[in-house]
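Residue-level structural notes
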Amino acid sequence: SAQVIHPSKLKSPYTQEQVAAVKKDVEAILKNKDYDDGSIGPVLVRLAWHSSGTYCAETKTGGSNGAGMRYEKEGGDPANAGLQHARVFLEPIKEKHSWITYADLWTLAGVVAIKAMGGPEIEWYPGRTDFVDDARVPPRGRLPDAAQAQDHLRAIFYRMGFNDQEIVALSGAHNLGRCHADRSGFEGPWVNNPTRFSNQYFKLLIKLKWEKKHLGREAQGAHWQWIARLPHMDEEDEPLMMLPTDMSLTLDDKFKPWVEKYAEDQDLFFKDFAAVFGKLIELGVTRDESGLAKHDGKAGEYKSA
Ligand code: HIF
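Let me sum up the structure you'll find in this document. (Residues numbered from 1 in each chain as written. Predicted model: local features only at pLDDT ≥ 70, side-chain atom pairs only at ≥ 80, totals over all residues. Heavy atoms only, no water.)

1. Section: the coordination of the iron atom of the ligand
On the protein, H174 (NE2) is the one donor atom to the iron atom of the ligand, at 2.1 Å. Along the polypeptide, H174 turns up in the loop between α7 (164-171) and β1 (178-179). (Donors = N, O, S within 2.8 Å, 3.2 Å for Na, K, Ca; no water. Helix = DSSP H or I, 4+ residues; strand = E, 2+ residues; numbered from the N terminus.)

The structure is reproduced here in structure tokens:
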């Protein structure tokens, strides 16, 4: 395949000062007492991931380049329900710094949010360009279905080019935010401090006694999820939750050892998470010598520096 230069060595379409100014403006809007648990950080992380998670390594289509969610074809995908909030929150920043592409802004905002919520520094490189129409928007159905289990996770994440360890490391992002009944049909946060990044998700997966809870009428095909309470929580307190896909990590011989490692070693989790989230937001972003990404997937793929 073509010789490709690592993005850190390419020309940047923006100056360092420009990127720093956007980061600062994203940091400034994270805290929001009227939204969810007081931060828009988690939904920004989900925006960065759903932008990127449509990638298919075989056809070299999808991924964050293009910002396809601006179009109904991708933005209106039920899998992306709720992400319009994230995009609206970022709109004033896009208006102020109109030189940045949406595709760059959405991925950058995700890594800024992770860092600001106590997570690791994730490498981010500019150069994504926005589609001019919806002709190259990837088809719906590429994002994971939380009602399924490990075979489905492997099908989805192997398609993007991830291995088992990377799937588990990535999953730790569910330490952030919550499920909303009106968006996904699931409900509640995974951890009791969902705006602080840590390895709590892995600890709770192993430690708590999770019970199946049906949401609505089972006979009508409604979802179920796992719920549990911490010792100090009352019956009236909102329980913690795990999706069927989250729990499947503990029910799989290859995934489970990684869940245990990350539960024991937060530094290892942070290091592996930073690497794999950095890889996620680079999927399908193939830049030419000018530092800009094309939409034909032909510039080739860089290997880690
Ligand atoms: Fe999520 N994810 N995700 N996710 N996700 C939800 C919310 C968040 C999956 C399903 C859901 C990842 C993988 C998977 C975040 C980040 C990441 C919700 C709830 C569902 C159903 C949406 C809602 O109702 O608002 C599935 C099946 C995945 C495959 C394992 C990533 C690894 C964990 C890649 C990832 O980074 C974040 C953050 C949220 C919280 C959003 C919020 O609004 O608070």
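2. Some thoughts on the sheet that holds strand β4 (residues 224-228)
Read from one edge of the open sheet, 3 strands run β3-β4-β5, paired in antiparallel fashion. Because the sheet does not close on itself, it has two edges, and the strands there are β3 (211-214) and β5 (240-242). Between one strand and the next, the sheet's axes are offset by a mean angle of 45°, whatever the strand orientation. Pairing of β3 with β4 involves 4 bridges; the strand directions are antiparallel. By the bridge assignment for β4, K213 is matched with Q225. (Pairing = 2+ DSSP bridges. Axes fitted to C-alpha atoms, helices over the stretch in contact; angles between N-to-C directions.)

3. Here we look at the packing of α7 against helix α11 (residues 266-282)
At their nearest, the axes of α7 and α11 sit 8 Å apart, and the two run at 100° to each other. Considering their axes alone, α7 and α11 lie roughly perpendicular with respect to each other. Between α7, through Q165, E166, A169 and L170, and α11, the contact on the second element is made entirely by F269, D272, F273, V276, F277, K279 and L280. When grouped by side-chain class, the residues that make up the contact of α7 with α11 number 7 nonpolar, 1 polar and 3 charged. (Parallel < 35°, antiparallel > 145°, perpendicular 65-115°, else oblique. Contact = heavy atoms within 4.5 Å. Nonpolar A, V, L, I, M, F, W, Y, C, P; charged D, E, K, R; others polar.)

4. Description of the side chain of E166
With respect to the element layout, E166 can be found in helix α7. Overall, the relative accessible area of 13% leaves E166 in the buried class. A polar contact of 3.1 Å, which involves the side chain of E166, links it to the side chain of K279. Setting aside residues no more than four positions away along its own chain, E166 makes contact with G161, V276 and K279. (Buried < 20%, exposed > 50% of the residue type's maximum accessible area, 1.4 Å probe, protein only. Polar contact = N/O pair within 3.5 Å; in protein donor to acceptor, adjacent residues only side chain to side chain.)

5. Re the site of the ligand
Lining the immediate surroundings of the ligand are 25 residues, of which W49, H174, R178, H180 and S184 lie closest. Contact distances for the ligand include 3.0 Å between an oxygen atom and a backbone N or O atom of R178. Contacts to the ligand include H180, whose side-chain N or O atom sits 2.6 Å from an oxygen atom. For the shell around the ligand, the secondary-structure elements that each account for two or more residues are α2 (41-52), α6 (150-160), α7 and β1. It is α2 that contributes the most residues to the shell around the ligand, 5 residues altogether. (Near = heavy atom within 4 Å.)

6. What about α7?
With 8 of 8 residues buried, α7 lies mostly within the body of the structure. Those residues of α7 that sit buried are D164, Q165, E166, I167, V168, A169, L170 and S171. In this structure, the buried residues of α7 make contact with α6, α8 (200-207), α10 (256-264) and α11. Capping the start of α7, N163 holds a side-chain oxygen 3.1 Å from the backbone nitrogen of Q165, two or three residues further along.

7. Topic: the side chain of D288
In this structure, D288 sits in the segment after α11. At a separation of 2.5 Å, a polar atom in the side chain of D288 contacts the side chain of S290. Of the polar contacts made by the side chain of D288, one reaches the side chain of K294; its length is 3.4 Å.

8. Observations regarding the pattern of salt bridges
Per the stated rule, a full pass over the model turns up 16 salt bridges. A salt bridge links K33 to D34; its shortest N-O distance comes to 3.7 Å. Here K33 and D34 have matching classes, each one exposed. Close ionic contact of R128 with E282 constitutes a salt bridge, the shortest N to O distance being 3.7 Å. Linking R128 in the loop between α5 (102-116) and α6 with E282 in helix α11, this pair joins segments that are 154 residues apart in sequence. Each member of the pair R128 and E282 is classed as buried. Overlapping salt bridges, with partners in common, bring together D104, R128, E282 and R287 in one network. (Salt bridge = Lys/Arg side-chain N within 4 Å of Asp/Glu carboxyl O.)

9. Comments concerning unusual backbone geometry
Backbone phi values are negative for most residues with the exception of glycine, while trans is the configuration of most peptide bonds. With phi around 40°, D36 is a residue other than glycine that occupies positive phi space. Note that D36 resides in the loop between α1 (16-30) and α2. Overall, D36 belongs to the partly exposed group, its relative accessible area being 37%. Even without being glycine, A67 reaches a positive phi, approximately 55°.

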